[in-house]
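Structural features, examined
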Amino acid sequence: MLKDILQSKESKIQERVEKHLKAGTQQLAQKMYNGAMVEFGKAMELDFEAVYPKLMGELDKAASSGELEAALAVGLNMLKHKKDDCELANKLGNFARRNGDFKQAKALYQTALKIDKNFAMAFYNLAAAEVKSELYDDKAMNAVNQFRNIKGYVMPGYMNNINPVESITESAKRSKAQISKEKIQELMVKRDQATEEGGLPQARVLDQEIEKLKLAADKIDEDDICNEFKLQMSADADNRIKHCYNLAIYAVENGKAEAAREALQHLDEKTIPTKGLLQALVLDQKGQRKEAIELLIQFLGENEFNRYYNVNLGLIYRKAKNSFLSVKYLIKTADLLKKSNGIYNMHDLLKEANQLYKQGKLKQALEFYTIASSEIKDPELWIKMGTIHKEQGLIEEAIYAFREVLKIDPESEAGKAELQQIHDGFVSEGDSLMTEKKYHPAVEQYEKALSVFRLPETLKKASSAYRQLNSIKKSNLLLEEAEGILNAEKEKEQDRMRTALIIKAKMMLKQQKYQQAIEFLETAFEMKLDKNVYAQLTLLYKKFKGKDSLSGLEKRWNDMLIAKERAEAEAKRLEREQQEAENANPES
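Procedures and definitions
- Residues numbered from 1 in each chain as written.
- Predicted model: local features only at pLDDT ≥ 70, side-chain atom pairs only at ≥ 80, totals over all residues.
- Heavy atoms only, no water.
- Helix = DSSP H or I, 4+ residues; strand = E, 2+ residues; numbered from the N terminus.
- Rg over C-alpha atoms; globule rule 2.2 N^0.38 Å.
- Buried < 20%, exposed > 50% of the residue type's maximum accessible area, 1.4 Å probe, protein only.
- Contact = heavy atoms within 4.5 Å.
- Areas by Shrake-Rupley, 256 points an atom, 1.4 Å probe, with all protein chains shown as cover.
- Lys, Arg positive; Asp, Glu negative; His and termini not counted.
- Charge placed at Lys NZ, Arg CZ, Asp CG, Glu CD.
- Core = buried A, V, L, I, M, F, W, Y, C linked by side-chain atoms within 4.5 Å.
- Phe/Tyr/Trp six-rings, centres within 6.5 Å; stacked < 30°, edge-to-face > 60°.
- Lys NZ or Arg CZ within 6 Å of the ring centre and 35° of its normal.
- Disulfide = S-S within 2.5 Å.
- Expected span 1.5 Å × (residues − 1).
- Salt bridge = Lys/Arg side-chain N within 4 Å of Asp/Glu carboxyl O.

**Comments concerning the overall build of the protein chain**
- On a plain count of helices and strands, the protein chain comes out with 28 helices and 0 strands.
- Rg of the C-alpha trace for the protein chain: 40 Å, well past the compact-globule value of 25 Å for 588 residues, more than 25% over.
- When its C-alpha atoms are laid out on the principal axes, the protein chain stretches across 125 × 120 × 60 Å.
- Out of the 588 residues in the protein chain, the part that is buried amounts to 38%.
- For the protein chain, long-range pairs separated by at least 24 residues make up 54% of all intrachain contacts whose partners lie at least 6 apart in sequence.
- If you sum the accessible surface of the protein chain, you get close to 34,700 Å²; carbon and sulfur atoms cover 51% of it.
- Put simply, the protein chain has 93 plus and 93 minus side-chain charges, and the middle of one group is 3 Å from the middle of the other.

**Here we look at the nonpolar core**
- Residues V252, L278, L296 and I331 are the most contacted members of the largest nonpolar core, which totals 58 residues.
- Beyond its immediate stretch of four places on either side in the chain, I331 contacts Y124, A127, A128, V131, S133, L135, A140 and V144.
- In this structure, I422, A442, V443 and V452 belong to the second largest nonpolar core, which totals 40 residues.

**What about the packing of aromatic side chains?**
- For the structure shown, the criterion picks out 10 aromatic pairs.
- Note on Y308 and Y344: the rings are 5.3 Å apart at their centroids and 20° apart in plane angle, and the pair reads as stacked. With a gap of 36 residues between them, Y308 in helix α16 (residues 307-319) and Y344 in the loop between α17 (323-339) and α18 (346-358) connect regions that are remote in the sequence.
- Aromatic ring contacts, followed pair by pair, group F123, Y124 and F324 into a single cluster.
- One cation-aromatic arrangement involves R98 over Y136; the distance from NZ or CZ to the ring centre is 4.1 Å.
- For K543, the ring lying beneath its charged end belongs to Y514, and the centroid distance is 5.8 Å.

**Structural notes on the state of the cysteines**
- Inspection of every chain in the model, using the stated rule, returns 0 disulfides.
- Here C226 is not cross-linked by a disulfide; its sulfur's nearest cysteine counterpart is in C244, at 12 Å.

**Brief notes about helix α25 (residues 472-510)**
- Taking 1.5 Å per residue as the helical rise, α25 with its 39 residues ought to reach 57 Å, and the 57 Å between its terminal C-alpha atoms agrees with that figure.
- Among the residues of α25, those classed as buried are S475, L478, A482, R498, L501, I502, A505 and M508.
- For α25, the secondary structure elements touched by its buried residues are α23 (439-452), α24 (456-468), α26 (514-527) and α27 (531-544).
- Backbone geometry just after α25 places Q512 at a positive phi near 60°.

**What about the pattern of salt bridges?**
- What the rule picks out here adds up to 23 salt bridges.
- The partner of K256 in a salt bridge is D223, with the nearest N and O atoms 3.4 Å apart. Highlighted residues: K256 in the loop between α12 (240-253) and α13 (257-264) and D223 in helix α11 (residues 222-235), separated in sequence by 33 residues.
- What makes K256 partly exposed here is its relative accessible area of 24%.
- Judged by relative accessible area, which is 38%, D223 ranks as partly exposed.
- Each of the salt bridges in this network shares a partner with another, and the network as a whole consists of D495, R498, K528 and D530.

Here is the structure:
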């Protein structure tokens, strides 16, 4: 009896669980997330152990189908009932990040770390979320591991990417050998003198010094190489900047901070963009780590994509035992390097892109140009990208690229010429189709041309094509647009002429040629209603023309005001009538 009662009770609980699960699943499918969470919550309260795995299955199912909001809704509800599940919190953080909600992602990763402060995956994911990286879990951790064997810094290359250290080392050896030889000869003379004069103790000391010099004659250290760089700076004035820069690179690489600092003083940041980076690294070597970090952060504020700034900031934070900030900047570097095929320097990236373009490897070249264009505002990059798109027959993409050129440099003749060429190509095709009386395809070509430039002549051609198709309303609209552009151009030219007349009038006034100034202002006044010109003429008429002329000027001003008001009222009336006609017959 008791057993039957218990089974009956369990059966009823199970029925209620299934009911809530079914209702929650239905609401989830309808994107009613709050309602779904309530239903799933009720189910877990009834039988947590049985429901939790089922909801985990729903969560994974939603995530795999791209329904990240649904997955988050299910998961967050589960997390409320199982607050110690750090892996679930981390997984939900990943969903939130993929969904573009980095704030929620960071909060979830922090929740995971509160549960388990040693949960490495959440730690790396939190750093990745800070820089909006697309690296997750093991990939985020492995991305940082690629930098683990770097003990110092990641340095830019020597000038022109030619390492001079081997030749400098040989030169330093020769210089030291010569200096040692001269010094040995000098000491040998002193020793012989001491021997002749009976100063045997002194002679023995000199012999020891001679032996030391002989042993050290072919051995050089970093200081010797730094000195050789300095000698070349003095001896080769034409290439002084190159030797100076290479000395700075070598000195930083070998921990000779003072030699690097001295070399950097001779360099200009405009010609040597990496000077700032080297200055920051020198500060770090001299024990001024805080200042080095501040300088690199300042540079990143100016160019957040610079790989050298990011990686070295990450490495310096690692030295400072700040694990989180180190990981953050190293993940950012890994992301950037992945985009640029492991290349740190944008100059090198563009060099490789240009080489790929010359070799006809357009797809790879385009990838590199696209990366560079996302980091550098250079119209030339977009010209190259547009050219590649055009060669591949991707005209819409080419148009977009050439428009980007004009966004960066509105006066770019190359950008304008490329767009004009595309526009003219569409118009030419449209003209040919019109000759063949193929009006539908002709309209398509004219519309493509108008998507590039809305020129009055093209608008008129498109209007004619639409008229042939009995699309009278569209035809009239295009004609009105063409007329509006022509009137605007005419008005712009008139304003230019008016401005020139007013400038001439001011020159005449300075020269006290009042009659000529009045003539210029009168011409400008007749062209357009202008309160300032009217005021200037009023002053001149009062002084030189008399009351009658002044009255005539005032009358003309009032007549012009009335005419303007009437014109505006008429324009509004016509617009209203046109709108009423269109509403009455929308298909016309």
